[in-house]
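An overview of the molecular structure
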Amino acid sequence: MLYRQAEEEAADLRRRIRERRARLQRRERRLALLAYLVNKKKQPMQRYAQMNINVPIISMFMSGADTKPALRLSRDSLDIFFQMLPHNKSHGWSHEVEVLVTVYWLACGASYRVTADIFDMPLSTICRIVHKTVDNMMTIIHQVIHFPKHEELEVVGSGFARLADHEAFGRAVGAIDGCHIRVLPPKDPQKRCYMNRKLFPSVILQGVCDAGVKFLDVYIGNPGLVHDSMVLRRSPMFRQALYPPAGYFLLGDGGYPCLQHPVAIMTPYRQPVATRVESRFNHHHAKARIIIERTFGMLKTRWRIIFLQALEVRPLFTPKVIGACCILHNICMGVGDIVEEEEEDDDGSEDGGNSEDEAPGEDLSGNGTRQRIAAQVSSPTELPHFLHEHDYN
């Protein structure tokens, strides 16, 4: 009994010692936390993201110098971009620095490692900044790339009538085409799906532009093996009949079917043409439709490193990078920051012949509308002078 009593007293003593030791430790932690908070109020907060102002790009931006040679964007374009991009941040790198890193990466097509050396930042930080900024850009894509309002359609149509040099094209409110963007494809068996008819791997950018070389809609991500007409049928614009409104139409090349519904698209007559009426229509049609080629050319010229070599990013990230370039293109066009396109080789888009899909049914075909426009193009704009020589009243 004496032995058991001694054991119980010893266990109770050890328990009280542990409790006292725990109370002392909690007290020490509270005192340390209080001391930290007091000192924090007295001392300025130390930033863990230190910017090196000796970096040439940062120094150039801070000095107010022209940013276009290095970043392919004028300062006005950058200012608009800064304002539009979400930047609710309480810590980390500044909003401006993250934008500069991303724009430099797009403009120069440099690897993450090279960009990290240029900005004197860790490699993982550069990768995280680029992905986060591009993701933020996707949240404003519909603010920058959108269809015109109904009251703006007449202005858009007048622009295409001016390009075509004929009022018959005054109801055209967009030009549509596909552009192949070189990529590093995934491994087999998916690799074969990315090989286009020019035998290089690509994804397709389907764009619709207005007469002012601004994108109205982009649909990105189909592999290069897919035909332009199939890309159109997969796009939300076609599936949901979003654009153009009734009574208006888009201009497309021979890779698309001539349609009236759900998306009205006027294509040229198949070569060789049967009559001079068809030839005149094709001539004016080509003068207006070429604006989409110019839009793609300006996009490639500004971001030539991205578009003229294989885009070395993951396949799921590729459409976002291309979309980011289209967003910046529209911002630049809005402030008059223009880069004239350079002559490039054909990108492999389907620009010849007719769509390989079956001909649309009578209720979907736009042949009737095309014939009316062709007749209007060939009709005289004014009466011959000899009809005014006599009074027929």
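Summarised in this report is the structure supplied together with it. (Residues numbered from 1 in each chain as written. Predicted model: local features only at pLDDT ≥ 70, side-chain atom pairs only at ≥ 80, totals over all residues. Heavy atoms only, no water.)

**Quick notes on the nonpolar core**
Rules: For our purposes a nonpolar core is just a set of buried Ala, Val, Leu, Ile, Met, Phe, Trp, Tyr and Cys residues, chained together by side-chain atoms within 4.5 Å. Whether a residue is buried, partly exposed or exposed follows from its accessible area with a 1.4 Å probe, protein chains only, as a fraction of its type maximum: under 20%, in between, or over 50%, in that order. In what follows, a contact means two residues having at least one pair of non-hydrogen atoms within 4.5 Å.
F119, F169, L205, W303 and I322 are the most contacted members of the largest nonpolar core, which has 98 residues in total. Here F169 is in contact with G157, F160, A161, A164, F249, L251, F281, H284, H285, I373 and V377, once residues within four sequence places are set aside.

**Let's talk about the pattern of salt bridges**
The test is simple: The salt bridge criterion pairs a side-chain nitrogen of Lys or Arg with a carboxyl oxygen of Asp or Glu, the two atoms within 4 Å. Working definition: helices are DSSP H or I runs of at least four residues, strands are E runs of at least two. Numbering for both runs from the N terminus.
Enumeration over the complete set of coordinates arrives at 11 salt bridges. Two residues, K320 and D135, come together in a salt bridge whose shortest N-O distance is 3.0 Å. One end of the pair, K320, is in helix α14 (residues 318-334); the other, D135, is in helix α7 (residues 123-138), with 185 residues separating them in the sequence. Its relative accessible area of 33% is what places D135 among the partly exposed residues. Among the ionic pairs, R302 bridges to D337, the shortest N-O distance being 3.5 Å. Separated by 35 residues along the polypeptide, R302 in helix α12 (residues 276-302) and D337 in the loop between α14 and α15 (367-378) bring together distant segments of the chain.

**Considerations on the environment of P245**
Mapped onto the secondary structure, P245 falls in the loop between α11 (236-239) and β4 (249-251). C-alpha separation for the pair P245 and P262, spaced 17 residues apart in sequence, amounts to 9.7 Å.

**Describing helix α9 (residues 153-164)**
Short version of the rule: Here the expected length of a helix is defined as 1.5 Å per residue gap, with one fewer gap than residues.
A rise of 1.5 Å per residue sets the reference length of α9, with its 12 residues, at 16 Å; its end C-alpha atoms lie 16 Å apart and thus fit the reference within 8%. Taken residue by residue, α9 has L153, V156, G157, G159, F160, A161 and A164 as its buried positions. Among the structural elements, β1 (172-182), β2 (202-209), β4 and α12 are those in contact with the buried residues of α9. Looking at the residues trailing α9, positive phi occurs at D165, about 65°.

**Side note on the packing of aromatic side chains**
Stated formally: A pair of aromatic rings is counted whenever rings of Phe, Tyr or Trp (Trp by its six-membered ring) have centres within 6.5 Å, and the orientation is called stacked for planes under 30 degrees apart, edge-to-face for over 60 and tilted otherwise. The rule for a charge over a ring is simple: NZ of Lys or CZ of Arg within 6 Å of the ring centre, and within 35 degrees of the ring normal.
In the structure shown here, the tally under the stated rule is 7 aromatic pairs. Seen from their ring centres, Y269 and F281 are 5.5 Å apart, and the 75° between their planes marks the pair as edge-to-face. Note that Y269 is positioned in the loop between β5 (265-266) and α12 and F281 in helix α12, a separation of 12 residues in sequence. Each member of the pair, Y269 as well as F281, carries the same accessibility label: buried. One residue, R370, lies across the ring of Y269, its end atom 4.3 Å from the ring centre.

**Let's talk about a nonpolar patch on the surface**
Going by this rule: Note that patches include only residues with greater than 30% relative accessible area and no salt bridge, and the join distances are 9 Å for like charges and 5 Å for nonpolar side chains (Val, Leu, Ile, Met, Phe, Trp, Tyr). Shrake-Rupley sampling with a 1.4 Å probe provides the accessible areas, and residues are treated as covered by the protein chains on show and by no other component.
A cluster of nonpolar side chains, contributed by L33, Y36 and L37, occupies part of the molecular surface with about 310 Å² of accessible area. Y36 sits in the partly exposed class, given a relative accessible area of 49%.

**Some words on the environment of R182**
Structurally, R182 can be placed in strand β1. Taking the C-alpha atoms as reference points, R182 and A310, 128 residues apart in sequence, are found 4.6 Å from one another. Apart from the residues within four sequence positions on either side, R182 is in contact with F200, P201, S202, Q309, A310 and L311.

**Notes on the packing of helix α5 (residues 95-108) against helix α6 (residues 112-119)**
Applied cut-off: All axes are obtained by fitting lines to C-alpha atoms, using only the stretch in contact for helices, and the reported angles, taken between N-to-C directions, cover 0 to 180 degrees. Roughly parallel means an angle under 35 degrees; roughly antiparallel, over 145; roughly perpendicular, 65 to 115; everything else is oblique. In a left-handed crossing the near helix is turned counterclockwise from the far helix by less than a right angle, and in a right-handed crossing that turn is clockwise. Under the grouping applied here, Gly and all other residues not named as nonpolar or charged are polar, the nonpolar ones being Ala, Val, Leu, Ile, Met, Phe, Trp, Tyr, Cys and Pro and the charged ones Asp, Glu, Lys and Arg.
Closest axis-to-axis distance for the α5/α6 pair is 11 Å, and the angle between their directions is 130°. Classed by the angle they form, the pair α5 and α6 counts as oblique. When you trace α5 past α6, the crossing you get is right-handed. In this structure, α5 contributes L100, V101, Y104 and W105 to the contact, and α6 contributes Y112, T115, I118 and F119. Of the residues that constitute the contact of α5 with α6, the class distribution is 7 nonpolar, 1 polar and no charged.

**Topic: the sheet that holds β1**
Remark on secondary structure: sheet strands pair via backbone hydrogen bonds, oriented parallel or antiparallel. Using the following cut-off: Pairing between strands requires that DSSP locate at least two bridges from one strand to the other.
Pairing is mixed in the open sheet, where 5 strands are placed in the order β3-β2-β1-β4-β5. Of all the strands in the sheet, just β3 (215-223) and β5 have a single pairing partner and so form its edges. Bridge count between β1 and β4: 2 bridges; the pairing is parallel. When the bridges of β4 are listed, A172 appears paired with F249. α12 rests against β1, β2, β3, β4 and β5 of the sheet, and its axis sits at about 40° to β1.

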